[in-house]
Structures are given as structure tokens and as C-alpha cells.
Amino acid sequence: MLKVTKFGGSSMADAVQYGKIKNIILSDPARKVVVVSAAGKRNKDDHKITDLLYLCHAHTQYGVDCNPIFEQIAARYMEIRDELNLPVDLESDFAALKKRLDRKDVTSDELASRGEYFSAKLMAAYLGFRFVDATQWVKFKIDGSVDKEATYAALQAIDLGEGIVTPGFYGLMPDGHIRTFTRGGSDITGALAAAALDADIYENWTDVSGILMADPRIVDNPQAIPEVTYEELRELSYSGAQVLHEGTILPVSEKNIPLNIRNTNEPDNPGTIIRDSFDTNADPNRFITGVTGKKDFTIISMSKRGMSNEVGVLWRMLTILERHNISIDYCPNGIDNVSVVVSTESIAPCLYQVLAEIQEELKPSSLVVHDQIAVVAAVGRRMASRPGISGRLFAALGEAGINIRMINQGPDELNIILGVDNKDFAGAIRVLYDSFTK
Ligand code: ASP
């Protein structure tokens, strides 16, 4: 049994958090591979080390003194080291780094990567595990994508011994330079490690007890989702409430390795398990996995008498939007009507141009724009082939006096998507959540 664990920034923020991690790791001998983030915020007014490192680099580029920030970064790590009494020489590493920084001899990626590097050095010493640098196994191709084959082979060749700690977020380019993933990328490192080693599970330890059924800023104390498929997660993350870096899923889903989101501050909570499919149903009464949504959409609605007999109207409408590089979120239509739902932000700069082109090229009998539209979606793999779900949903919205402006459901029945006025957004999310949880 092998478990790959990854601890995020808030789990690595100070010595107290290190203590929690040690308990988690030592309570299960299968937890032999530990991937760590840079130290994150200790409280909401604190700074993430990675942010400070980027800031430090920007300062040097513009010739502004970055000493105070650099000192702050070094102090964070030294404080953790001293509180835990770890025999790690950070002084020489920081001094060497500072010298190179002063010579402008460090790339922004390399400097940003040092947060994870120092975290891993300290955590390895604390757990009594071996430090394995990410440059030893995470390999990029020259185009910046991960060279999975080389990465997997390199990690497989490393002896795990009692256990290893490796930094997340970065790896090595073929020319020997350090390259980082995009922000939050330590999740990807963990997924690559799990895939390389064919782990039984990839545990992603963070500061929430799993993925929640709804946004906690809208719904009071939403329940956590015990089990979710990768496909459902894609739909749920659409509203931006992302727990994982989007590049995390592919390496583990390709190998069918379950991903478990866990809370470092609540280690007994089982969190959320994410995998391709589930044979079992943890809760047979629950057919909605979650509720999600986003505000600020615009609907362009075009009607043309006799359109249903004309070939290519829809295609021409979509071509106009493509010309302006507008991505279409939904496209509900009727017999003589077609509408496109797009984000207001993307269409705003070219709305009138697009309307003029539709008018000119399609000669519609009416062309109407609705804005201030929100999209809310009920997502759930168990909705498929189950009559009555949308009935329940519409009835609940009707009772709450919420007008539905648009309805969309694909034949895969993974979600039911509704358009409502922006002002009804939070209300609709709450109604949907309540109607399936109470
Ligand atoms: N430390 C990096 C960031 O803040 C990467 C990570 O934590 O996943 O984005």
C-alpha cells in the first residue's frame, strides 16, 4: 500500500501545522511520499511566501531594494526551524541565493520555487524522511509541458526508503533551468508522483474538509461531498470555487488513482474522494452532488420567421461569434429562435459590432439582448434516468418566486442548468441546495 500525500500552503504555514502533519504521516506507514507547498498564510492578513518571492524578484528587476522582503522570507523559515529545533543550515542557502539575486542571476521561476524548496528541506528533517529535490524527477519538455515518461521513470528509479519529502510546484527544463507550474501547481506535482508510483491513493491535504455541495458564502454550512466523479468536479469547479489546480486531475485519472481531499486541521474527517466512477452510492437519498453557478452572462437572442426551414442559420450565428473570439457557454434554441449565452465580460467590448454583423448577415426578424443573467446548475451523476428531479427543482424555484429565464439540460443528464436574473442568483442557489438536502 502506498499513499502519496500533498500538503498545501496553509498546512505548511508554521511550526504548529508541521506538528499536525507529522501526526498524520506517522499515523500511517503507507504515507511514504510527501509533497509540500511553500509556507502559506498563518492568518488572513498574512502573506504567502510565494507572493513575497515574486515580489522580491520584481523589486530587483526594477532596481528597488528587496532586502526587507527577502529578510521576511528567510525569517519565516528560520522561525519554523528554530521552533522545531531542526539541524538544517538555512543561512548558507539564503546567503547564496541573495548573492545571486543581487547579481540578477536568478529567474523569477527559480526564485518562486525556493518557497517549496525550503519547505521540503525542513519537513524532511522534521519527519526523518529523505529530501528529494523536484529537479531530480519532475522534467519538462522544451515546450514547457511535462515530460511524463521521463518524470515517471525518474521517480520510479528513486529509492523511497523510509519515506521522501519533495517540493511541489517546479521541475527542470531540458536546458537545466528551473521551471514552475502556474500558481497552485504543487497539486500537479502530487498527482505526478502518485501516477509515477501507481499509488493506491493521492491524498491532497488542505484547510477544508473536502469539496462542499455549495459555495459557503451563499449557503450556510453546506455539507461536504463524500464522493464525486472527475466529470462532476469539472462541472462544479465551473463557478470558480476551485479546490484543486486544474492540471491535477489528468495524471491520476489516467491511472484510475482515487484522489482524496483532506483537512490537515481535522484529520479524522474522511473528506472528499474523487474518482472516475463509483460502484457504490454512499448516500442513496442524495441525487444531487452539488449546486454551482456564476453571475454576469449576456444572452443574445435572435428570431427569424421560417428559420427552421433554412439551413445554416445557427452556423452563421456561431461563425460571427467565432470571428470575435467569443466562447459560447450555452446555446438554447427554439423553432424560429436561437440564443447564445456568453459571459458579459467577453462580449462587452464587441457587443454592438456582433449585433451589427448578425443584423447584416442573418437579417433576423428580432434581435434582443438580455444581460444581468446568472447561470445556476444542479450537478449530479445520479440524476440520470430519474424522473421528477427537474420537476422538484422548478417547483421549488416557483415557490420562492424566482423566474427562470433559460433552461438547459444535456442528454447525459449530468446537470440541469438554469438562467435566472443576477439579482436572484444567491436565492436560486439556496433554493436548489435546500430542495435537495432537506
Ligand atoms: N506555492 C505555490 C503557490 O502559491 C504553489 C502551490 O502552493 O501549489 O501558488
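That block above? That's the structure.
Everything numeric in this text was worked out from a predicted model, so none of it was measured.

**Looking at the overall build of the protein**
Part 1: On a plain count of helices and strands, the protein comes out with 14 helices and 15 strands.
Part 2: Each of the three principal axes of the protein carries a C-alpha extent, and together these read 80 × 55 × 40 Å.
Part 3: Put simply, the protein has 438 residues, and 52% of those count as buried.
Part 4: Within the protein, counting contacts between residues at least 6 apart in sequence, those at least 24 apart form 75% of the total.
Part 5: Within the structure as shown, the protein displays about 20,000 Å² of accessible surface, and the carbon and sulfur contribution to it stands at 49%.
Part 6: Within the protein, the 59 negative side-chain charges are centred at a point lying 1 Å from the centre of the 46 positive side-chain charges.

**Structural notes on the sheet that holds strand S8 (residues 227-229)**
The pairing of strands in a sheet happens through backbone hydrogen bonds and is either parallel or antiparallel.
Part 1: Taken together, the eight strands give an open sheet; going across it, the order is S3-S4-S2-S1-S7-S9-S10-S8, and neighbouring strands pair in mixed fashion. Both edges of this open sheet fall to strand S3 (130-131) and S8, since each of them pairs with a single strand only.
Part 2: By the bridge criterion, three bridges tie S8 to strand S10 (residues 272-275) in an arrangement that is parallel. Considered in S10, the bridge of Thr229 is made with Arg275.
Part 3: Strands in contact with helix H5 (residues 108-127) are strand S2 (31-36), S3 and strand S4 (164-167); relative to S4, the strand with the most contacts, it is inclined by about 170 degrees.

**Focus: the sheet that holds strand S11 (residues 290-303)**
Part 1: One open sheet holds the five strands; their spatial order is S12-S11-S13-S15-S14, and the pairing between them is antiparallel. Of all strands in the sheet, those bounded by a partner on one side alone are strand S12 (337-343) and strand S14 (404-409). Across the sheet, the axes of successive neighbouring strands diverge by a mean angle of 35 degrees, strand direction being ignored.
Part 2: Pairing geometry for strand S13 (residues 366-379) and strand S15 (residues 415-421), over seven bridges, is antiparallel. Residue Val376 lies in a different strand from S15, and its bridge partner there is Leu418.
Part 3: Running over the sheet, helix H8 (residues 230-237) touches S11, S13 and S15 and is turned about 65 degrees from S11.
Part 4: Here helix H10 (residues 313-323) sits on the sheet in contact with S11 and S12, set at roughly 20 degrees to S12.

**A few points about the site of the ligand**
Part 1: As a matter of local geometry, the ligand sits amid Ser37, Ala38, Thr50, Glu116, Phe169, Arg183, Gly184, Gly185 and Ser186.
Part 2: With respect to the ligand, the backbone of Gly184 contributes an N or O atom lying 2.7 Å from an oxygen atom.
Part 3: One nitrogen or oxygen atom from the main chain of Gly185 is found 3.4 Å from an oxygen atom belonging to the ligand.
Part 4: Considered on its own, the ligand offers 260 Å² of accessible surface; in the complex 91% of this is hidden by protein.
Part 5: Its residues assigned to classes, the shell around the ligand comprises two nonpolar, five polar and two charged.

**Things to note about the packing of aromatic side chains**
The way to describe two aromatic rings as a pair is by their centre distance and the angle between their planes.
Part 1: Taken as a whole and assessed by the stated rule, the structure comprises eight aromatic pairs.
Part 2: Centre to centre, the rings of Tyr18 and Tyr126 are 6.2 Å apart; their planes meet at 50 degrees, and the pair counts as tilted. Taken together, the residues Tyr18 in helix H1 (residues 15-26) and Tyr126 in helix H5 connect sequence positions 108 residues apart. Residues Tyr18 and Tyr126 agree in their burial class; the two are buried.
Part 3: Ring plane angle 15 degrees and centroid distance 4.1 Å describe the contact between Phe94 and Phe118, whose orientation is recorded as stacked. In this pair, Phe94 sits in helix H4 (residues 90-102) while Phe118 sits in helix H5, placing the two residues 24 residues apart along the sequence.
Part 4: Here Phe118 falls in the buried class, since its relative accessible area comes to 2%.
Part 5: In this structure an aromatic cluster arises from ring pairing among Phe70, Tyr77, Phe94, Tyr117, Phe118 and Phe131.
Part 6: Positioned over the ring face of Tyr117 is Arg114, at 4.2 Å from the centre of the ring.
Part 7: Note that Lys121 overlies the ring of Phe131, its terminal NZ or CZ placed 5.0 Å from the centroid.

**Looking at H10**
Part 1: For H10, the set of buried residues is Val313, Met317, Ile320 and Leu321. In a view along the axis of H10, the buried residues occupy a sector of 95 degrees, so they form one face of it. Exposed positions of H10 whose direction lies more than 90 degrees from the buried face are Trp315 and Glu322.
Part 2: Its buried side turned inward, H10 meets S11, S12, helix H11 (344-347) and helix H12 (351-362).
Part 3: Among the residues trailing H10, Asn325 stands out with phi positive, at a value near 60 degrees.

**Digging into the pattern of salt bridges**
Any two side chains of opposite charge can pair, given that their charged atoms come close.
Part 1: Enumeration according to the criterion identifies 23 salt bridges in this entry.
Part 2: We note a salt bridge from Asp102 to Lys98, for which the minimum N-O separation is 3.0 Å. Remark: Lys98 and Asp102 occur in helix H4; sequence separation between them is four residues, near one turn of the helix.
Part 3: Salt-bridge contacts for Lys148 lead to Glu254; the nearest nitrogen and oxygen are separated by 3.0 Å. Of the two residues, Lys148 is situated in helix H6 (residues 148-156) and Glu254 in helix H9 (residues 249-254); the sequence distance between them amounts to 106 residues.
Part 4: Look at the salt bridges and you will find they share partners, linking Arg100, Arg103, Asp105 and Glu110 into a network.

**What about the nonpolar core?**
Part 1: Formed by 123 residues in total, the largest nonpolar core has its most connected members in Tyr77, Phe94, Met123, Trp137, Val165 and Ile274.
Part 2: Sorting elements by how many residues they give to this core places H5 first, with ten residues.
Part 3: Ignoring anything within four residues of it in the chain, the contact list for Met123 reads Met12, Tyr18, Ile21, Val36 and Val165.

**A word on the pairing of strand S9 (residues 259-263)**
Part 1: Most of S9 is tucked away, with five of its five residues classed as buried.
Part 2: Burial of the side chains of S9 extends over both faces: Leu259, Ile261 and Asn263 are buried on one face and Asn260 and Arg262 on the other.
Part 3: Pairing of strand S7 (residues 201-206) with S9 involves five bridges; the strand directions are parallel. Bridging across to S9, Thr206 finds its partner in Asn263.

Conventions adopted
- Here the residue numbers are simple positions, counted from 1 along each chain's written sequence.
- Restriction of local features to residues with pLDDT of at least 70 applies here, the model being predicted, together with a cutoff of 80 or more for giving and counting side-chain atom pairs; totals for whole chains, interfaces and linings are based on all residues.
- As a convention, hydrogens and water are excluded, and side-chain values are obtained from all of the structure's heavy atoms.
- Strands are runs of DSSP state E lasting at least two residues, helices are runs of H or I lasting at least four, and both sets are numbered from the N terminus onward.
- Categorising residues by exposure relies on relative accessible area from a 1.4 Å probe, with only protein chains included: less than 20% of the type maximum marks a residue as buried, more than 50% marks it as exposed, and the intermediate range marks it as partly exposed.
- Note on contacts: a residue pair qualifies if any of its non-hydrogen atoms lie within 4.5 Å across the two residues.
- Shrake-Rupley sampling with a 1.4 Å probe provides the accessible areas, and residues are treated as covered by the protein chains on show and by no other component.
- Only four residue types enter the charge count, namely Lys and Arg as positive and Asp and Glu as negative; His and the chain termini do not.
- We put the charge of a Lys on NZ, of an Arg on CZ, of an Asp on CG and of a Glu on CD.
- Pairing between two strands is assigned when DSSP locates at least 2 bridges connecting them.
- Whenever a helix is involved, its axis is fitted only over the stretch in contact; in every case the axis is a line through C-alpha atoms, and angles between N-to-C directions fall within 0 to 180 degrees.
- Put simply, a residue is near a molecule or strand once any heavy atom of it comes within 4 Å of that molecule or strand.
- Polar contact criterion, stated in full: a pair of N or O atoms within 3.5 Å, where within protein one must be able to donate a hydrogen and the other to accept it, and residues adjacent in sequence count only if both atoms are side-chain atoms.
- Following the grouping adopted for this structure description, the nonpolar residues are Ala, Val, Leu, Ile, Met, Phe, Trp, Tyr, Cys and Pro, the charged ones are Asp, Glu, Lys and Arg, and the polar ones are all others, Gly among them.
- Each aromatic pair joins two rings of Phe, Tyr and Trp (for Trp, the six-membered one) with centres within 6.5 Å, and gets the label stacked for planes under 30 degrees apart, edge-to-face for over 60, and tilted for any other angle.
- By definition, being over a ring means that NZ of Lys or CZ of Arg is both within 6 Å of the ring centre and within 35 degrees of the ring normal.
- Throughout, the arc means that of the directions going from the helix axis to the C-beta atoms.
- The salt bridge criterion pairs a side-chain nitrogen of Lys or Arg with a carboxyl oxygen of Asp or Glu, the two atoms within 4 Å.
- Only buried residues count toward a nonpolar core. Its members are Ala, Val, Leu, Ile, Met, Phe, Trp, Tyr and Cys residues joined through side-chain atoms within 4.5 Å.

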